[in-house]
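# Coordinate inspection notes
Residue-level listing of the chains:
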Amino acid sequence: MNISGKTKVVGIFGYPIAHSLSPLLHNAAFEKLKMDFVYLPFLIKPPELKRAVQGIKALNLIGINVTVPHKQAIIPFLDELSPEASLIGAVNTVHHCQGKLIGYNTDGAGFIESLSQEGGFDPRGKRVLLLGAGGAASAITFSLVEKKVSELFIANRTFKKAQELVDRLKKTASSSCYLAPLKLGELSGTNLLPKIDLLINATSLGMFPEDPPPLSPHWLLSSLFYYDVVYNRRTQLLKAAADKQIRYLDGQEMLIHQAALSFNIWTNQKAPLRKMRRVIQEKGG
Ligand code: ATR
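So, here is what we can say about the structure in this document. (Residues numbered from 1 in each chain as written. Predicted model: local features only at pLDDT ≥ 70, side-chain atom pairs only at ≥ 80, totals over all residues. Heavy atoms only, no water.)

### A few points about the packing of helix H4 (residues 107-117) against helix H5 (residues 135-146)
Applicable threshold: Convention adopted: a line fitted to C-alpha atoms gives each axis, helices being fitted over their contacting stretch, and angles between N-to-C directions are expressed from 0 to 180 degrees. Helical segments are the DSSP runs of H or I of at least four residues, strand segments are the runs of E of at least two, and each set is numbered from the N terminus. Every angle not falling under 35 degrees, over 145, or within 65 to 115 is termed oblique; those three ranges are roughly parallel, roughly antiparallel and roughly perpendicular. Rotating anticlockwise by less than a right angle from the far helix to the near helix defines a left-handed crossing, while the corresponding clockwise rotation defines a right-handed one. Contacts are residue-level and defined by heavy atoms, with any inter-residue pair within 4.5 Å sufficient. Each residue gets one label: Ala, Val, Leu, Ile, Met, Phe, Trp, Tyr, Cys and Pro are nonpolar, Asp, Glu, Lys and Arg are charged, and the others, such as Gly, are polar.
With their axes 7 Å apart at the nearest point, H4 and H5 run at an angle of 60° to one another. By the criterion of interaxial angle, the relationship of H4 to H5 is oblique. Remark: the crossing between H4 and H5 carries right-handed chirality. Residues Asp107, Gly108, Ala109, Phe111 and Ile112 of H4 touch H5, and the partners they reach there are Ala139, Ile140, Ser143 and Leu144. Across the contact of H4 with H5, the residue classes tally to 6 nonpolar, 2 polar and 1 charged.

### Examining the site of the ligand
So the rule is basically this: Throughout, near means a residue has at least one heavy atom within 4 Å of the molecule or strand. Polar contacts here mean pairs of N or O atoms no more than 3.5 Å apart (in protein, one a potential hydrogen donor and the other a potential acceptor; neighbouring residues in sequence count only if both atoms are side-chain atoms). In these tables, accessible area is a Shrake-Rupley quantity obtained with a 1.4 Å probe, and a residue counts as shielded only by the protein chains included in the view. Cavities and pockets are defined on a 1 Å grid built over the protein atoms alone: a cavity is a set of grid points where a 1.4 Å probe fits but cannot escape, while a pocket is an open set with protein on both sides within 12 Å along at least five of seven lines, and lining residues are those with an atom within 4 Å of any such point. A molecule is said to be in a cavity or pocket once over half of its atoms fall within 2 Å of that pocket's grid points.
In the vicinity of the ligand lie 13 residues, with Gly135, Ala136, Asn156, Arg157 and Thr158 positioned nearest. Arg157 is positioned such that a nitrogen or oxygen atom in its side chain is 2.9 Å from an oxygen atom of the ligand. Between an oxygen atom of the ligand and a main-chain N or O atom of Ser204, the distance comes to 3.2 Å. Computed on the free molecule, the ligand has an accessible area of 640 Å², of which 67% lies beneath the protein chains in the complex. When atom positions are compared with the pocket grids, the ligand is found to occupy the largest pocket. Here the residues of the shell around the ligand sort into 4 nonpolar, 7 polar and 2 charged.

### Quick word on the nonpolar core
Worth spelling out the cut-off: We define a nonpolar core as any set of buried Ala, Val, Leu, Ile, Met, Phe, Trp, Tyr and Cys residues linked to one another through side-chain atoms lying within 4.5 Å. Summary of the burial criterion: residues with accessible area below 20% of their type's maximum are buried, those above 50% are exposed, and those between are partly exposed, where the area comes from a 1.4 Å probe applied to protein chains only.
Ranked by internal contacts, the top residues of the largest apolar core, which has 32 residues, are Phe111, Ile140, Leu144, Leu152, Ile154 and Ile200. The set of elements that each furnish at least two residues to this core consists of H4, strand S7 (127-131), H5, strand S8 (151-156), helix H6 (159-170), strand S10 (198-201) and strand S11 (225-228). If you tally residues by element for this core, the top one is H5, at 6 residues. Setting aside residues no more than four positions away along its own chain, Ile154 makes contact with Leu130, Gly132, Ala133, Thr141, Ala162, Leu165, Val166, Leu169, Ala180, Pro181 and Leu182.

### Focus: the pattern of salt bridges
Inclusion rule: Put simply, a salt bridge is a Lys or Arg side-chain nitrogen that is within 4 Å of an Asp or Glu carboxyl oxygen.
Tallied over the entire structure, the rule returns 8 salt bridges. Its salt-bridge partner being Lys57, residue Asp79 comes within 3.0 Å of it at the nearest N-O pair. Remark: Lys57 occurs in helix H2 (residues 49-58) and Asp79 occurs in the loop between strand S3 (63-66) and strand S4 (80-81); sequence separation between them is 22 residues. A residue is classified by how much of its surface remains accessible, and Asp79, at 40% relative accessible area, is partly exposed. In this structure, Glu164 engages Lys160 in a salt bridge whose closest nitrogen and oxygen atoms are separated by 3.0 Å. In this pair, Glu164 and Lys160 both sit in helix H6, 4 residues apart, roughly one turn of the helix. Taking the relative accessible area as the measure of exposure, Lys160 reaches 58% and is therefore exposed. Three or more residues are tied together by salt bridges with common partners; here these are Glu118, Glu253 and Arg277.

So, in C-alpha cells, the structure goes:
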C-alpha cells in the first residue's frame, strides 16, 4: 500500500469493529485494481455517531460502510436516501458526493446478486421461507419482494417482529406476493417445507459453535435451495446441505457482493469479485 497526499479515504463505522472483514475485502480490491484508495475501520460509539457523520464531510472522505449498531441510527444525519435504503429503513453504505451524504443499502441487492450469479437461482415466481426478522432479514425480504417471489413466509422466534416485517412489506408498492408471518418454533408442525423452493437462514443462529440450528436438518429437502447468511463459519445446516448434495450458498457470498456494490457506488468501477473471494477464503483458513 502506497499512501500519498492524493490517496482517497473510505472506511467503516461500527461498534465493535475489530471483527469486520470489510477492510480486508476493500483494500484487496483497491490493490488488485491499482487504485489510490485506502479503507479504514472507525470504532464509533453510539453517542459519537452524529459527530462522526459530520466528520465524513469535514475530512472529505469518499464514503463509508455502516455496520452494527448504526445502520438505522445514521439515517437522520444523512442528506438523501436511495429508494432501497428508504424502504428497508437501514443504511450500510454512504457516498459523499457533491457535498451531500447519500445513504444506500447494498445488503439486499448483494444477497440477490450472489443468489443469481453464484447460485444460479432466479427467485422470480418462487416460494420462499425466510427464518429471522432482524436487520439482515429485512434487507433480504425487501429485495425478494422486488424480485417478484410468489410467496414469502417469514418465521421468527419473536412472532411480533415477523408480523411487523410482513406489515412493512405489504406497504411496498411492488408487493404483489403472498406474505405470511410464522413462529419459528411452530414450523415443524406445518406442512410448509415440502412446498418451499428457497430456504434462508437470516437469524444469527450458527455464528457460534454451540448454537443449535434454527430448524432441524431433517427439513433440508432435496427440492430446495438453501442460503445461510452466517458468514464466519459453516453452520450445521450448511454442513447438512453439503452432505445431502442440496444446492446452497453461505453468507460469505452476500458479504462479498454487498461489498462489491458499495465499491461500485464509491468508485464507479466494477469490483474484482474473484480477488475479494480469495482473500476471504484465505482468511478463513
Ligand atoms: P442481524 O443484523 O444479523 O439480522 P438482528 O437484527 O439482531 O441481527 O437479528 C437477529 C435475528 O436472529 C432475529 O430474527 C432474532 O430473533 P428475535 O427477533 O426473536 O430476537 C434471531 N435470533 C437470534 N438468536 C436467536 C435464537 N437463539 N433463536 C432463534 N432466533 C434467534
